[in-house]
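Structural overview
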Amino acid sequence: MDLSIIVPLYNERESLPELISRIRDMAAGQGYSYEVLLIDDGSTDGSWDVVRELAAADSTVHGISFRRNYGKSAALYEGFAAAQGNVVVTMDADLQDAPEEIPEMVRMVVEDGFDVVSGWKQHRQDNKLTKNLPSKLYNWTARKVTGIRLHDMNCGLKAYRKEVVKSIEVYGEMHRYIPYLAKNAGYGRITEKPVHHEKRKYGVSKFGMERFVNGFLDLMSLWFLSKFGKKPMHFFGTSGILMFLIGGIMTVWIIAAKLVHQAQGVRFRAVTDQPLFYLALLAVILGVLLFLAGFLGEMISRSAPTRNDYNVKDRL
Ligand code: UDP
Ligand code: MG
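First things first, this report covers the structure right here in the doc.

1. A closer look at the overall build of the protein
Scanning the protein for helices and strands turns up 10 helices and 7 strands. Principal axes of the C-alpha set define a box for the protein whose edges measure 100 × 55 × 35 Å. Across the 316 residues that make up the protein, the buried fraction comes to 44%. Carbon and sulfur atoms provide 59% of the accessible area of the protein, an area that totals close to 17,400 Å².

Structure below.
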């Protein structure tokens, strides 16, 4: 099979028939053998009934339905697990992404040899203040942290080589960072393609401003995991040593000052009367805590079943 198109959907009843008919026209024009996987993420508006009708009328349409709403990442996870096509495309259900962009993205994977082709909503048709502007800042941060030069990391429209989606595990709300997951799994040929973006015709957006806070926290987690996930002590131990050094120097200074004054027979304030004493105490305690976190981290990563999962490319 050439192509799997994965569509996560949550209350998108009105959009589905048009989406499927446009995908069908696009695929017919290209002569693809393909499947569409509609993943209903616990919709309550009757979307699943529409999916059933579409699947009954067209053998390329398949559906998976969750009992409750788990989020876009969960839907993509199930879609990736089920996908059979050599190229796997993800797109939103709300008709904001155009199926007509798919052939060129597929071509870039098949002929140009890219692992991931990410859409770039160059002329984004969403609210300027609440989405477009924060999104620019967010993508700038993501570029700096991940080292992947994408303008629109979180675009729903993307194409992957099949091997990529079978080698990564999307979880939590990590759908925002699939290119980063791919890069960390060793698939570094990542590029972007400007794509047409439409205003939402039906239904409402499922993500509000909290996406930027949560997105930033997830980015920090992924960054930490990719850098120190397998050697937490290197991070916590280094900062622990630094804290100990700072605390140690301050302690020596405090004691020396006290002793020197005492030897000279000068009256000197008690050690507990100077601010430095508390800073030294704090630094030493923080040092111990950091080491403790490091040891615990090592014990956790040591017992992780994935500790020796490497993505082997070839063997001779
Ligand atoms: N979506 C989903 N589960 C959720 C939230 C959203 O499957 O819990 C789907 C949604 O139906 C749509 C896609 O994810 O197909 C993108 O959502 P949305 O269009 O609301 O995001 P926006 O375009 O506003 O960024
Ligand atoms: Mg949308």
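Still more ground to cover, so stick around.
2. A look at the pairing of strand S3 (residues 61-65)
With 5 bridges connecting them, strand S2 (residues 34-40) and S3 associate as parallel partners. If you follow leucine 37 over to S3, its bridge partner there is histidine 62. Between the parallel elements S2 and S3, the chain passes through helix H2 (residues 47-57) in a crossover that is right-handed.

3. Quick notes on the packing of helix H1 (residues 16-30) against H2
Where H1 contacts H2, the axes come no closer than 10 Å and their chain directions differ by 30°. Here H1 and H2 pass one another in a crossing that is right-handed. Between H1 and H2, the residues in contact are Leu16, Pro17 and Ile20 and Ser47, Val50, Val51 and Leu54, respectively. Along the lines of polarity and charge, the residues of the contact of H1 with H2 split into 6 nonpolar, 1 polar and no charged.

Rules used throughout
- Residues numbered from 1 in each chain as written.
- Chains lettered and ligands numbered in written order.
- Predicted model: local features only at pLDDT ≥ 70, side-chain atom pairs only at ≥ 80, totals over all residues.
- Heavy atoms only, no water.
- Helix = DSSP H or I, 4+ residues; strand = E, 2+ residues; numbered from the N terminus.
- Buried < 20%, exposed > 50% of the residue type's maximum accessible area, 1.4 Å probe, protein only.
- Areas by Shrake-Rupley, 256 points an atom, 1.4 Å probe, with all protein chains shown as cover.
- Pairing = 2+ DSSP bridges.
- Right-handed = clockwise from strand over helix to strand, strands pointing away.
- Axes fitted to C-alpha atoms, helices over the stretch in contact; angles between N-to-C directions.
- Left-handed = near helix turned anticlockwise from the far one by under 90°.
- Contact = heavy atoms within 4.5 Å.
- Nonpolar A, V, L, I, M, F, W, Y, C, P; charged D, E, K, R; others polar.

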